[in-house]
Amino acid sequence: MTRTVVRASGLTKRYGSFTAVDAVDFTLEENRIYGLLGRNGAGKTTVMQMLTGQIFPNDGELEVFGRTPAEHADVLRRLCFIAESQRYPDAFNAAHVLKAAPWFFENWDAAFADRLVHDFRLPLKRYIKKLSRGQLSAVGVIVGLASRAPLTFFDEPYLGLDAVARQIFYDRLLEDYTEHPRTIVLSTHLIDEVANLLEHLLIIDQGRILLDRDADEVRGSATTVAGGRAAVESFVADRAVIGREGLGGLASVTIDGRLDRADRVRAAELGLELAPVSLQQLIVHLTGADLRAGTTEQEVAA
Amino acid sequence: MTAVLEQPTVRTEPRSRVGEIWRVVRLHAVTPSVFFGIPWIILGAAWLVMIIIGIIAGAAGADTVKMGEGMRYSWAVLSPQWYLVAVGVQAIGLTMSFALGFGATRRDFWLGTGLMFGIVSLLNAIAIATLVQLEKLTNGWWLKVSMFDSLWYGQGGWLVDFYTTFALQLFVLFIGASVTTVFLRWRMRGMLVLAFGAIALALGGVAIATLTQSWPAIFTWFGSIGVVGVFTVVLGLALVFAIGGYVVIRRATPR
């Protein structure tokens, strides 16, 4: 039986006339890995800040572990959120951060943290403000992993990390998650890197949730159809088109929804090429505003 | 299957409120240079300058008794106070953002920070009041230098020096911290309103006092309450800032 850890309905955050998060509804279940995906400024960090009680929503309802998170110690002590733009006290170095962490996270694993410091080659004695972007990300990743908080947020954990460090993060997260299941929310715009890690996707754009689905369902749910323009158009005529490109007499159209055997046979007869769409491409199609506007127009015309 | 959590979560292990406040104190003390190291380096440097002046004056055969009297008007003993206003500002501006990321509540953070301020003020007050006595005992570090035994210090005994330093120290720390909570909650607009409000309040006070010709009465009152009375007012103001900060910080949002 899974428990609902987070329940948001109509959750809204406005900054003056700008609506950063616009009446979103979603739930997060216990012990799953969520991907909070979207473009820069889509509202990912704002959502996480509300979930962790760092900012106050303007509207809507929000329950984390059964109650409003802000100012509730019994909720907040189960959370860990090191923001991508996390501020640290001026005189702090990474050693100070790791020294203070066990006072705030009751499941803190110091040995695991030490191992991660070694893995990421994080200089412990250098002032936080002197760290490179990647090293700063490593501090957040180490705290997030070693805290073992029942609800852990990783805000753009890959920012500035080199390929080796990204792989280490990926491996350690999976290993530790298997041993100590917990709810993890990972926000990023580097989608393909984490695609295989995620169990459930929340795609957010301009403050709204565009897609809230299991990752397995999403993988392979979209297909790109390529071939002669006329043939492609006839094939996709009654389907949900989410992306469209064309060059001369050739067209390449991305459609949402699975294709059955009959569809595939028909595509082959028409001489069309079918290609699976990666998560990243799918999200580009879903959140690329210009593309979408163009598609709607063409769909109307068709 | 999905079950909704209707009841508030049950605590897995008992954790007292005191622990949650105390960890904020420890967080501030993780870098002891901020609250203790740098203020005492500033004070130590000021003391060294005074001592060197004393040695030069002595070597030049100047009237060191007169020098000592002149030094009573030096503010060297207060030199770390400006820095400590900045410490109050940073305690809220940077450390709070960090503590919230670590899952502290604003309430516990403010209470823990206040407790830290109290501890710092207590220790500084004990140290300064004791140094005043030492300076008197050694006749100005054997050079007739008057650094700690200056201004209002050294007149009413150890306890008065302790009390006045404690009050001043709390005031200095809380004014920096509480003004920063206004910034965190209302940003620049809040700061402007606060600044203009304070100026308007001060001007209004001056206008009332001048128009009703009550300045002599005010000075007489300050004279009558004495050093201890004045610093009781300072302590009261520190308390007002402490309470004001608590109210404001409850809905403040770190950047």
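Residues numbered from 1 in each chain as written. Chains lettered and ligands numbered in written order. Predicted model: local features only at pLDDT ≥ 70, side-chain atom pairs only at ≥ 80, totals over all residues.

Draft legend 1. Main features of the overall build of chain B. Helix and strand counts for chain B come out as nine helices and one strand. Counted from the first residue to the last, chain B has its helices and strands arranged as β-α-α-α-α-α-α-α-α-α. Its C-alpha radius of gyration of 23 Å places chain B more than 25% over the 18 Å reference for a compact globule of 255 residues. Overall, chain B is about 90 × 50 × 30 Å in size when its C-alpha atoms are taken along their principal axes. The proportion of buried residues among the 255 residues of chain B is 36%. Across chain B, contacts joining residues at least 24 apart in sequence account for 84% of those joining residues at least 6 apart. (Helix = DSSP H or I, 4+ residues; strand = E, 2+ residues; numbered from the N terminus. Rg over C-alpha atoms; globule rule 2.2 N^0.38 Å. Buried ≥ 20, exposed ≤ 12 C-beta atoms within 10 Å, placed from the backbone. Contact = placed C-beta atoms within 7 Å.)

Draft legend 2. Spotlight on the overall build of chain A. Looking only at helices and strands, chain A has 12 helices and 13 strands in total. Dimensions of chain A, computed from the C-alpha atoms along their principal axes, are close to 65 × 40 × 40 Å. Classification of the 302 residues of chain A by burial places 43% in the buried group. Taking all contacts inside chain A whose residues are at least 6 apart in sequence as the whole, residues at least 24 apart take part in 69%.

Draft legend 3. Examining the sheet that holds strand β10 (residues 222-228) of chain A more closely. Residue and element names in this part refer to chain A. One open sheet holds the four strands; their spatial order is β11-β12-β10-β13, and the pairing between them is antiparallel. The open sheet has two free edges, formed respectively by β11 (240-247) and β13 (273-276), since each of these has just one partner strand. Strand-to-strand twist across the sheet, computed as the mean angle between neighbouring axes with direction ignored, equals 20 degrees. Against the sheet, helix α9 (residues 229-236) engages β10, β11 and β12 (250-256), with an angle of about 145 degrees to β10. (Pairing = 2+ DSSP bridges. Axes fitted to C-alpha atoms, helices over the stretch in contact; angles between N-to-C directions.)

Draft legend 4. A look at the environment of A:Ala8. Inspection of the secondary structure puts A:Ala8 in strand β1 (residues 2-15). Spatially, the C-alpha atoms of A:Ala8 and A:Leu51 are 8.8 Å apart, while their sequence positions differ by 43 residues.

Draft legend 5. Representation of the UniProt feature "domain: ABC transporter" (unreviewed entry) in chain A. With numbering matched to this structure, UniProt assigns "domain: ABC transporter" (unreviewed entry) to residues 6-231 of chain A. Secondary structure over residues 6-231 of chain A splits into 34% helix and 30% strand, and the C-alpha atoms at its two ends are 46 Å apart. (UniProt positions renumbered as here; feature names shortened; annotations may be inferred.)

Draft legend 6. Expanded view of the packing of helix α5 (residues 133-147) of chain A against helix α6 (residues 163-179) of chain A. Residue and element names in this part refer to chain A. Packing of α5 against α6 brings their axes to within 11 Å, and their N-to-C directions diverge by 5 degrees. One way to sum up the angle between α5 and α6 is to call them roughly parallel. Along the contact surface, α5 presents Gly134, Ala138, Val141 and Leu145, while α6 presents Ala165, Phe169, Arg172, Leu173 and Asp176. (Parallel < 35°, antiparallel > 145°, perpendicular 65-115°, else oblique.)

Draft legend 7. Structural detail: the interface of chain A and chain B. Opposite the 34 residues of chain A that make contact, chain B presents 37 residues. Of all the secondary structure elements, the ones that give two or more residues to the side of chain A that touches chain B are β1, α2 (73-76), β5 (79-82) and α3 (94-104) of chain A. Residue contributions to the side of chain A that touches chain B peak at five residues, all from α3(A). Grouping the constituent residues of the side of chain A that touches chain B by class yields 18 nonpolar, six polar and 10 charged. (Nonpolar A, V, L, I, M, F, W, Y, C, P; charged D, E, K, R; others polar.)

Draft legend 8. Broad picture of the packing of helix α4 (residues 110-120) of chain A against α5(A). All names here are of chain A. Across the interface, α4 lies against α5 with an axial gap of 9 Å and an inter-helix angle of 155 degrees. Between α4 and α5, the interaxial angle falls into the category roughly antiparallel. For the element pair α4 and α5, the recorded crossing hand is right-handed. Every residue of α5 that contacts α4 at Phe112, Ala113, Leu116, Val117 and Phe120 is listed here: Ala138, Ile142, Leu145 and Ala146. Of the residues belonging to the contact of α4 with α5, the class tally is nine nonpolar, no polar and no charged. (Left-handed = near helix turned anticlockwise from the far one by under 90°.)

Draft legend 9. Summary view of helix α2 (residues 32-59) of chain B. All names here are of chain B. Taking 1.5 Å of rise per residue, 28 residues should cover 40 Å, and α2 covers 38 Å from first to last C-alpha, within 8% of that figure. Buried within α2 are the following residues: Val34, Phe35, Pro39, Leu43, Trp47, Met50, Gly54 and Ala57. Directly after α2, the chain includes glycine 61, whose backbone phi takes a positive value near 75 degrees. (Expected span 1.5 Å × (residues − 1).)

Draft legend 10. How the structure looks around the UniProt feature "transmembrane region" (unreviewed entry) in chain B. Residues and elements named next belong to chain B. When the UniProt feature table is mapped onto this chain numbering, "transmembrane region" (unreviewed entry) sits at residues 34-62, 82-102, 109-132, 162-184, 191-212 and 218-249. Annotated as residues 82-102, this span is 90% helix and 0% strand, and its ends, taken at the C-alpha atoms, are 30 Å apart. Secondary structure over residues 109-132 splits into 100% helix and 0% strand, and the C-alpha atoms at its two ends are 34 Å apart.

Draft legend 11. Main features of the pairing of strand β6 (residues 151-155) of chain A. Residue and element names in this part refer to chain A. Across the five residues that make up β6, a large majority, five, are buried. The two faces of β6 match: Leu151, Phe153 and Asp155 on one face and Thr152 and Phe154 on the other face are all buried. Relative to β6, β5 is paired through four bridges, and the arrangement is parallel. Counterpart to isoleucine 82 in the pairing with β6 is phenylalanine 154. Here β6 pairs with strand β7 (residues 183-188) via five bridges, running parallel. Counted as the bridge partner of phenylalanine 154 is leucine 186 from β7.

Draft legend 12. How the structure looks around unusual backbone geometry. Residues and elements named next belong to chain A. Even without being glycine, arginine 121 reaches a positive phi, approximately 55 degrees. Relative to the helices and strands, arginine 121 resides in the loop between α4 and α5. According to the C-beta neighbour criterion, arginine 121 is partly exposed, with 13 such atoms within 10 Å. The backbone of arginine 148 shows a phi angle near 50 degrees, a positive value even though the residue is not glycine.

Draft legend 13. How the structure looks around the pairing of strand β9 (residues 208-214) of chain A. All names here are of chain A. Both strand β8 (residues 200-205) and β9 contribute to a ladder of six bridges, which runs antiparallel. The residue of β9 that forms the bridge with leucine 202 is aspartate 212. Linking β8 back to β9 in an antiparallel pair, the connection comprises two residues, with glutamine 206 at a positive phi of about 45 degrees.

Draft legend 14. Looking closely at the domain arrangement of chain A. Residue and element names in this part refer to chain A. You can read the domains of chain A as domain 1 (4-218) and domain 2 (222-301). The C-alpha centroid of domain 2 is placed 34 Å from the C-alpha centroid of domain 1. Listed as interface residues are 11 residues of domain 1 and, on the opposing side, seven residues of domain 2. By residue class, the composition of the side of domain 1 that touches domain 2 is seven nonpolar, one polar and three charged. (Domains from an automatic or database assignment.)

Draft legend 15. Fine view of the nonpolar core. Grouped together as the largest cluster of nonpolar side chains are 141 residues, with contacts concentrated most on A:Tyr34, A:Ile142, A:Leu186, B:Ala99, B:Leu173 and B:Phe174. Here this core spans two domains, and each of domain 1 (4-218) and domain 2 (222-301) of chain A adds at least three residues to it. Residue contacts for B:Phe174: discarding those within four places in its chain leaves B:Gly88, B:Phe117, B:Ala238, B:Phe241, B:Ala242 and B:Gly245. (Core = buried A, V, L, I, M, F, W, Y, C linked by C-beta atoms within 7 Å.)

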